[in-house]
Amino acid sequence: MYETILRMPYAGLGPLAGLGAYEIHARVASLMNRKPRDYLYEFNAPQGVLYLRAAVRPAGEEIPWRELTSIVAGGRYKVLGRIALEFSRLTRRGKVTSYAARRTDFAAVLAPLLGERAGLAPDALEVWAEPTVTIRKPGRGAFHFVPINFSGTVRVEDLAMARTAHERGIGRARGFGFGVLHFRQMAAESR
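In this convention, every chain numbers its residues from 1, walking through the sequence in written order. Only residues with pLDDT of 70 or above have their local features reported here, since the model is predicted, and side-chain atom pairs are shown and tallied only from 80 upward, although totals for entire chains, interfaces and linings are computed over all residues. Side-chain figures throughout are based on the complete set of non-hydrogen atoms in the structure, without hydrogens or water.

### Thoughts on the pairing of strand β8 (residues 141–156)
Logical step 1: Note: strand β6 (residues 120–129) against β8, nine bridges, orientation antiparallel. Paired with Pro-122 across the two strands is Val-154, which belongs to β8.
Logical step 2: DSSP bridges decide pairing: two strands pair if at least two such bridges lie between them. By definition, any uninterrupted DSSP run of H or I lasting at least four residues is a helix, any uninterrupted run of E lasting at least two residues is a strand, and each is numbered from the N terminus. In terms of strand pairing, strand β7 (residues 133–137) meets β8 through five bridges, oriented antiparallel. Its bridge partner being in β8, Val-133 is matched across the sheet by Phe-145.
Logical step 3: Two successive antiparallel strands, β7 and β8, enclose a turn made up of three residues, where Gly-139 displays a positive phi of approximately 80°.

So, in structure tokens, the structure goes:
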């Protein structure tokens, strides 16, 4: 698995701040130029960086890629992520206030989700929501997502699931900058 972090504006992308989610998606897709889409990305506008991850090292020397260290079974990690909840589904279920506005409620839902979809057992999670994001696809209407950010410590219980989640992301809207899990191994003394 390979990753790179590009400072904005990167020559191949131009400025991304101020663009909509679909426009950023289109620019990243043209930069990566890969079919099928086998990469993940996350744009952090406040920091002005674009994070890219690919399972196979992309060809070309213009982007500096580095190989990631594999996660290990039973390992403890600091994890950081951003997932998208589909707003329309939440409003139909009447859960917008409990999921998006109240951190403790969503933290209680997120912990089992990380276990079921990523093979991770959270020790502690901090969760916070952002304002709703609208993605407008040409000819297909608009999709509304609530970005949910989380940070915490986890233990890898199912290595195959954790590696798949690390490589492919988790949740919805992964093609629009959501679902990337960032792992940082914890120091031996903090285990």
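Back to the write-up after that little detour.
### Describing helix α1 (residues 21–32)
Logical step 1: A helix is expected to reach a length of 1.5 Å times the quantity of its residues less one. Look at α1: 16 Å from first C-alpha to last across 12 residues, which is about the 16 Å you get at 1.5 Å a residue.
Logical step 2: Each residue is assigned to one of three classes by its accessible area relative to the maximum for its type, calculated with a 1.4 Å probe on protein chains only: buried under 20%, partly exposed between the two thresholds, exposed over 50%. Turning to α1, its buried residues number three or more, namely Ala-21, Ile-24, His-25, Val-28, Leu-31 and Met-32. Down the axis of α1, the buried side of the element spans an arc of 125°, and every buried residue falls inside it.
Logical step 3: Turning to α1, the residues buried within the fold contact β1 (2–7), β2 (39–44), β3 (49–54) and β7. Taking the helix axis as origin, the arc is that swept by the directions to the C-beta atoms. Throughout, a residue-residue contact means that at least one pair of heavy atoms, one from each residue, lies within 4.5 Å.

### Some thoughts on the packing of aromatic side chains
Logical step 1: In this scheme Phe, Tyr and Trp rings, the latter by its six-membered ring, pair at centre separations within 6.5 Å, and the angle between planes marks the pair as stacked below 30 degrees, edge-to-face above 60, and tilted otherwise. Tallied over the full model, the rule gives three aromatic pairs.
Logical step 2: Between Tyr-22 and Phe-176 the ring centres are 6.2 Å apart and the planes differ by 35°, which places this aromatic pair in the tilted class. In this pair, Tyr-22 is assigned in helix α1 and Phe-176 in the loop between α5 (159–168) and β9 (181–185), connecting sequence segments 154 residues apart.
Logical step 3: By relative accessible area, Phe-176 is classed as buried at 15%.
Logical step 4: Here the aromatic rings of Phe-145 and Phe-178 are separated by 6.4 Å at their centres, their planes lie at 40°, and the arrangement is tilted. Pair noted here: Phe-145 is in strand β8 and Phe-178 is in the loop between α5 and β9, with a separation of 33 residues, a long-range link.
Logical step 5: The class of Phe-145 is buried, set by a relative accessible area of 6%.
Logical step 6: With a relative accessible area of 2%, Phe-178 lands in the buried category.
Logical step 7: The criterion for a charge sitting over a ring is simple: Lys NZ or Arg CZ within 6 Å of the ring centre, and within 35 degrees of the ring normal. Against the face of Tyr-39 rests Arg-37, its NZ or CZ located 5.7 Å from the ring centre.

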